Every structure is written in C-alpha cells, then in structure tokens.
Amino acid sequence: MKNYKIVLLSGDGIGPEISEVSIRILQKLAIRFDFKFTINKELFGGIAIDNCGVPAPEKTIQACKESDAVLLACVGDNKYDSLDRSIRPETGLLKLRSELNLFANIRPVKIRKSLISSSSLKEEIVKDVDLIVVRELTGGIYFGEPRGIIKANDEEKGFNTMSYKSSEVKRITEVAIDIAKGRSKKICSVDKANVLEVSQLWRDNVKEIIMKHPEIQLSNMYVDNAAMQLIKDPKQFDVILTNNLFGDILSDLSAMLTGSIGMLPSASLTLKGPGVFEPVHGSAPDIAGQNIANPIAMALSTAMMLRIAFNEIKAADLIESAIDKVLSEGFRTADLRDNTSKLISCSEMGQRIIEEI
Ligand code: NAD
C-alpha cells in the first residue's frame, strides 16, 4: 500500500481550524482508497517564533525536504510586526520557498457554479471564468539585493531591487507552456516593460522560449492593464504568466472573482523535490479562533496536492465534487453568505464535505 509522507504546517490565525478539516478529509480518503498518509505536524510561522524564536526552524525545513509534499495553511499576525524583519512569519515563508527552490506558483481561479452570485462582479462577467496564474516565486523584488532602509541626507530612504536572470524567466516560462499545452494553448505574459528594464528582459526571454513552441499563442500585457482587464473581462485569460510581485497582487484580485479569497488554492513547485500546497489567503487574524473561516481553499489545496504530488486523480476529484455538492445545497461560511444561503461554521463545512466523500 502506498504511504504518502506529508508535512503539515498549520501556522497561525485560522490555520489550525482549516487544517483540521484537511486532516479529516485525508483520513476519510485513506479509508476509501488504497493508500495511507503519514502526517507530520511541524512548527512554522508565528507559532514557531513563540516556541523556537525563528519562523522557519531548521527541524521544520529538514522535515519538509524529506517529505513527499508539504501542506501549509497560513502564517502571520500583527503581534509580530514589531519584530526584526529577519524573524517575522512572512520571512519564514520566503525561507521555505527558497530552501525548497519553489520557483513556480500555480494559482487556478475557477468559478464554482453555485457561487456565481457571491462574486462582486456581475454574473455574465464571471460565468465560466477558468484561468491559471503562473507566478514566479523565488526571484524578483521579494528576494532582490540590495534592499534596506538607510539614512541619507538627514532622512530615511527605503529601497528594494527587482531583478531577474534570464534563466529564471525561461524556467517559469517552461512551466507556463506545459500548463498551457493541456489547456487552450494561450499564454498572456504580464509585465511593465514600458517602464522597467527588468520587465523588458522578462518580455524578451518569454518570447524567445515561446517561439520554440509554435502551437502556443503568446500575448503581452502591462500589469496595470491586466488588473483592469481581469475585472472587465476575465474570460479572455487562460494562462497568465507573471513575476513574483505582480503575481502576488493579480492572484488576490483574481480571488475576488470567485467570491472570496477563502476559495483559492495554490501549489508551489520545484523541478525535483516536494511541493508546497497552500491556500492563497493569509491567517485572517480578524476572524481567527471563531470557527467561521472558510476551509475550502485549504481543502482545494489538499486536492491539488493529491493531483499534482501524488497523481491520485480520483481522490482529488472526489474532494472537488464533494465541495461542489455542499455549495450547491446552499451551505456557506460567512465570507460567502448571501440572502438565500444557509450559514454554517468552518467545522460544519468540513463535516459536510467529509460526509460527501
Ligand atoms: P488575509 O488573507 O489573512 O485576510 C484578508 C481578508 O480576507 C480578511 O478580512 C480575512 O478575514 C478574509 N479571509 C482570509 N481568508 C479567509 C478564509 N479562509 N475564510 C474567510 N475569510 C477569509 O490577508 P491580510 O489580512 O492582509 O493578512 C493577515 C496576515 O496574514 C498578515 O500577517 C499577513 O502577512 C499574513 N499573510 C500570510 C499569507 C500566507 O501565509 N501565505 C498570505 C497573505 C498574508
């Protein structure tokens, strides 16, 4: 019998609540299918700072490296904002991405039929939206040097560096090409080449690689226009390829097309080694501990893990169809609620999904 080794990083805020749902989903699947899971819980984020003084302890990083896949909920809380940046929860995230070389972040944005009315946009605009944001994750301005805050001429000056090597652009472009080949074969590369040299390099390298794949249709868009087009006509997009910073912003924007950021899963992948599967949202400190968070993004991230890391397609499909069934019956967590829906808690949503599996 196959035994998948998963490291679970439930992190902070709503992390433990939504992780509990995913653990129970995996336990149910292990009963139904011919595989089992060994789930190893490790400290990460604020809870690791509280216990070990750092957000990404060596023990956690090592366990992740030795796993088959990492399931991560979310990290962060305002109470860590005054800490030195090097030991804040978000720095732990960057360390994990860098240590596992997770250069490709895949964020599918799919409107679930029964949630069309939960979107802040009109039904005819969001209906049938099904796009994927492919975000470069280990380069760009989040990692570029030099960076810092210095004193200059009696005032403070803050600076960061957005830089990309052509090898980094080519590597993420190959990932987008692979994904596009299994879909409509359209890639829209998003940059700011009219202003930034680093974006010109991005654009030139994307074009060079895609020219070797004549079946792929490439378009380029400036990031400000892309933000506007995602609201105006999101159906025009299939695969959006972009850098670390622009991908961060555009994927949160895309999240709202689906009705709530609590609906969006993601996968962060490397060429060889374990991937990290995590919701797009943060730790939602404003609703933590109240059992009202939406666990669906985490459950869909669990499905992505089964599909991509373990090739357990049937099990992944089962999670997705269970979620669709529960939503189609009108059950909603608070973030998705409208006048006609039945409001349920995070754990009840989990329970209903599990019953459908
Ligand atoms: P957030 O995503 O945590 O929350 C934004 C809003 O969405 C809040 O109103 C929150 O209640 C709501 N929300 C988020 N997830 C939800 C869910 N599953 N169900 C229902 N509502 C949900 O973003 P933020 O408020 O900007 O950041 C809060 C903390 O999370 C910060 O410390 C930030 O650094 C951190 N963060 C972590 C990650 C991550 O772990 N990958 C990502 C983004 C932000």
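Read on for a plain summary of the structure. (Residues numbered from 1 in each chain as written. Predicted model: local features only at pLDDT ≥ 70, side-chain atom pairs only at ≥ 80, totals over all residues. Heavy atoms only, no water.)

Notes on the pattern of salt bridges
Okay, so step 1: Considering all chains together, one arrives at 19 salt bridges under this definition.
Okay, so step 2: Between R203 and D191 there is a salt bridge, with the nearest N and O atoms lying 2.9 Å from each other. In this pair, R203 sits in helix 7 (residues 197-210) while D191 sits in strand 8 (residues 186-191), placing the two residues twelve residues apart along the sequence.
Okay, so step 3: For R203, a relative accessible area of 19% translates into the label buried.
Okay, so step 4: You can call D191 buried: its relative accessible area is 1%.
Okay, so step 5: E356 is the partner of K325 in a salt bridge, and the nearest nitrogen-oxygen pair spans 3.6 Å. Of this pair, K325 sits in helix 11 (residues 313-328) while E356 sits in helix 12 (residues 346-356), and the two are 31 residues apart along the sequence.
Okay, so step 6: Bridged by salt links that share partners, the residues R112, R307, D317, E320 and D324 form one connected network. (Salt bridge = Lys/Arg side-chain N within 4 Å of Asp/Glu carboxyl O. Helix = DSSP H or I, 4+ residues; strand = E, 2+ residues; numbered from the N terminus. Buried < 20%, exposed > 50% of the residue type's maximum accessible area, 1.4 Å probe, protein only.)

Things to note about the packing of helix 8 (residues 223-232) against helix 9 (residues 244-257)
Okay, so step 1: Viewed as axis vectors pointing N to C, helix 8 and helix 9 meet at an angle of 10°, and their least axial separation amounts to 10 Å. Comparing their axes, helix 9 and helix 8 come out roughly parallel. The residues of helix 9 that touch helix 8, namely those facing V223, A226, A227, L230 and I231, are F246, L250, L253, S254 and L257.
Okay, so step 2: Split by residue class, the contact of helix 8 with helix 9 holds nine nonpolar, one polar and no charged. (Axes fitted to C-alpha atoms, helices over the stretch in contact; angles between N-to-C directions. Parallel < 35°, antiparallel > 145°, perpendicular 65-115°, else oblique. Contact = heavy atoms within 4.5 Å. Nonpolar A, V, L, I, M, F, W, Y, C, P; charged D, E, K, R; others polar.)

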